[in-house]
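Fold and contact review
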Amino acid sequence: MERRFRIFRYIIYSTELLVLFVIQGIPNFIPELFGGKPSLIIPVVLTISMFEPKLTALWFGLAGGLLTDISNGGVIGFFAIIMTLCCYFISYLTSELIRTRLSVAMAISFIVVAMALSLHFLFFYVMCGYGNNGYFFVSHYLSRILYTVALTPIAYYVNRVLALRVSL
Amino acid sequence: MLGAISVLLILVIVTAGNSSFGTYIVNLFTMPMQKATVNAVDSAKDTQKSADELQEEVNSLEAENRKLRDMLVDYYDIKGQNEQLKKYYNLKEENPDYDILPATVIRRDPNENFYGFYIDKGTIDGVELHDPVVTENGLVGMVCEVDATTCKVRTILSPDIQVGVLNSRTSDSGIVTGSSKYSDDNLSLMTKIPAQHTMQEGDIIVTSGLGGIFPEKIRIGEIKEIKLDEYDSQPMAIIKPYENIQEVSLVAIITNYLGKGTISKSESSKESSKQESTASKQ
């Protein structure tokens, strides 16, 4: 019975990721704030990993990372590797060391999103030699980081309800 | 009693002698009543239909309604395609060798830095890598990734793209590319301009056709400002593209044109003369 609930929950998570993948790519749908648009998938996989076991978090991190890479085009695997490792680690932290709360979710989301997007900026902007690094980071990446983190509470509460209600 | 009989007699006499006048008078008074009774009888007939007959009539009307709705959807679809194709009719008329494939922007990634986007055409539609992408207003970019059903377009706001261009008035050549500093304002840069150029603000920039990637004489934009590069003091121009690349939703891919993939004649003649001169020296 528990297994059935778990599978049903995973199906809902997967549908959630696919729907958000489509929504975040719709042109002119999500409003742009200060030059940035949010990545909807990253906060969702981070909050999923807070409520699921380590292996499940790893797979959903991988799926979310791959979807983000596909959406971005170019190199496949960049976000996949980062999100897989981060989600596994977050699941370990929340199951062994820290309590799962909104404030913890926000802090973790900020750290992971800032790290992931900063690395993206480093590898796909600075190393390509486009110039105006400081200006571009502030005008594009900073707003993207803050906008993405601002959506974490919604993802947290939705996945918390799913984790608590769709289970024994 | 006598009065009634006398009225009847008068009527008989009048109608017998002058039937048209009599008929007119009678119809004048009886026609509204006849009309009302006929309508009442007709509507009563409907209520006399059986429940099965009425249900059958409803079913057939619903089926017809569904069919008409489907036709309406097709109509709007074809109308949209027609509107899209009309935009490129002039381009096709001016350049009959172009194979133009209309496409729709389906995805813009939030992590995309220079407003690249995905469109709904791929290799099964005949799209190839480096195919130019245009709108009715001008050049937008080129295909940088392609799969079976979709492809990604790199725009002229990206520093990764370089388009050989000419000033349509002065024939000064240059390269249009994107810039991280100007891409947010929907502006591109024109570099590698000759030092003795005679360009002015407002001049129209078009593709030169050199290199075999972009066909020649496709409009790109107009010069907004001419200034010196802050690093090497070479002249450069800020180009305002005719198309709003950050919000474009309908584009067209030029999948084939005369001269695609070949270097232009002026370039090839320069190369062949170089080869001849080296051969004669040997």
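The following paragraphs examine the structure supplied in this document.

Rules used throughout
- Residues numbered from 1 in each chain as written.
- Chains lettered and ligands numbered in written order.
- Predicted model: local features only at pLDDT ≥ 70, side-chain atom pairs only at ≥ 80, totals over all residues.
- Heavy atoms only, no water.
- Patch = residues over 30% accessible without salt bridge, like charges linked within 9 Å, V, L, I, M, F, W, Y side chains within 5 Å.
- Areas by Shrake-Rupley, 256 points an atom, 1.4 Å probe, with all protein chains shown as cover.
- Salt bridge = Lys/Arg side-chain N within 4 Å of Asp/Glu carboxyl O.
- Helix = DSSP H or I, 4+ residues; strand = E, 2+ residues; numbered from the N terminus.
- Contact = heavy atoms within 4.5 Å.
- Buried area = accessible area lost by both parts, 1.4 Å probe.
- Pairing = 2+ DSSP bridges.
- Axes fitted to C-alpha atoms, helices over the stretch in contact; angles between N-to-C directions.
- Parallel < 35°, antiparallel > 145°, perpendicular 65-115°, else oblique.
- Left-handed = near helix turned anticlockwise from the far one by under 90°.

1. Things to note about a nonpolar patch on the surface
All names here are of chain A. On the surface, Phe-110, Ile-111, Val-138, Leu-142 and Leu-146 cluster together into a nonpolar patch covering about 460 Å² of accessible area. Every element with two or more residues in the nonpolar patch is listed here: α5 (102-126) and α6 (133-150). Broken down by element, the nonpolar patch gets its largest block of residues, three residues, from α6.

2. Focus: the environment of Leu-139 of chain B
Residue and element names in this part refer to chain B. Relative to the assigned elements, Leu-139 resides in strand β4 (residues 139-146). C-alpha separation for the pair Leu-139 and Glu-243, spaced 104 residues apart in sequence, amounts to 7.6 Å. The residues contacting Leu-139, other than those within four sequence positions of it, are Pro-132, Val-133, Val-134, Ile-156, Val-163, Thr-207, Phe-214, Ile-218, Arg-219 and Ile-220.

3. Quick look at the interface of chain B and chain A
Opposite the 21 residues of chain B that make contact, chain A presents 28 residues. Of the roughly 2000 Å² buried between chain B and chain A, counting both surfaces, carbon and sulfur atoms make up 43%. It is Pro-110, Asn-111 and Asn-113 of chain B in chain B that bury the most area against chain A; as a group they hold 33% of the surface buried on that side. The interface formed by chain B and chain A contains zero salt bridges.

4. Quick notes on the sheet that holds strand β12 (residues 250-256) of chain B
Pairing is antiparallel in the closed barrel, where six strands are placed in the order β1-β2-β5-β4-β3-β12 (chain B). Ignoring which end each strand starts from, the neighbouring axes of this sheet average 45° apart. Sheet topology note: the strand β1 (residues 99-107) of chain B/β12 of chain B ladder contains six bridges and is antiparallel. Looking at β12 of chain B, one finds that Ile-100 of chain B is bridged to Ile-254 of chain B. Sitting on the sheet, helix α3 (residues 54-72) of chain A touches β1, β2 (117-119) and β5 (151-155) of chain B, and the angle it makes with β2 of chain B is about 80°.

5. Things to note about the packing of helix α4 (residues 78-96) of chain A against α5 of chain A
All names here are of chain A. Put simply, α4 and α5 touch, their axes get as near as 11 Å, and they point 160° apart. Put simply, α4 runs roughly antiparallel to α5. Where α4 crosses over α5, the two elements pack in a sense that is right-handed. Residue-level contacts link Phe-78, Phe-79, Ile-82, Met-83, Cys-86 and Ile-90 of α4 to Ile-108, Val-112, Met-115, Ala-116, Leu-117, Leu-119, His-120, Phe-123 and Phe-124 of α5.

6. Observations concerning the environment of Arg-154 of chain B
Residues and elements named next belong to chain B. Topologically, Arg-154 is positioned in strand β5. For the pair Arg-154 and Gly-141, spaced 13 residues apart in sequence, the C-alpha to C-alpha distance is 5.5 Å. Excluding residues within four positions of it along the chain, Arg-154 makes contact with Val-140, Gly-141, Met-142, Cys-144, Asp-160 and Ile-161.

7. Here we look at the sheet that holds strand β10 (residues 219-228) of chain B
All names here are of chain B. With respect to topology, six strands assemble into a closed barrel ordered β6-β7-β8-β11-β10-β9, the strand pairing being antiparallel. Averaged over all pairs of adjacent strands, the angle between strand axes in this sheet comes to 40°, irrespective of strand direction. The pairing of strand β9 (residues 204-207) with β10 spans three bridges and is antiparallel. Opposite Ile-205, over in β10, you have Gly-221 as the bridge partner.

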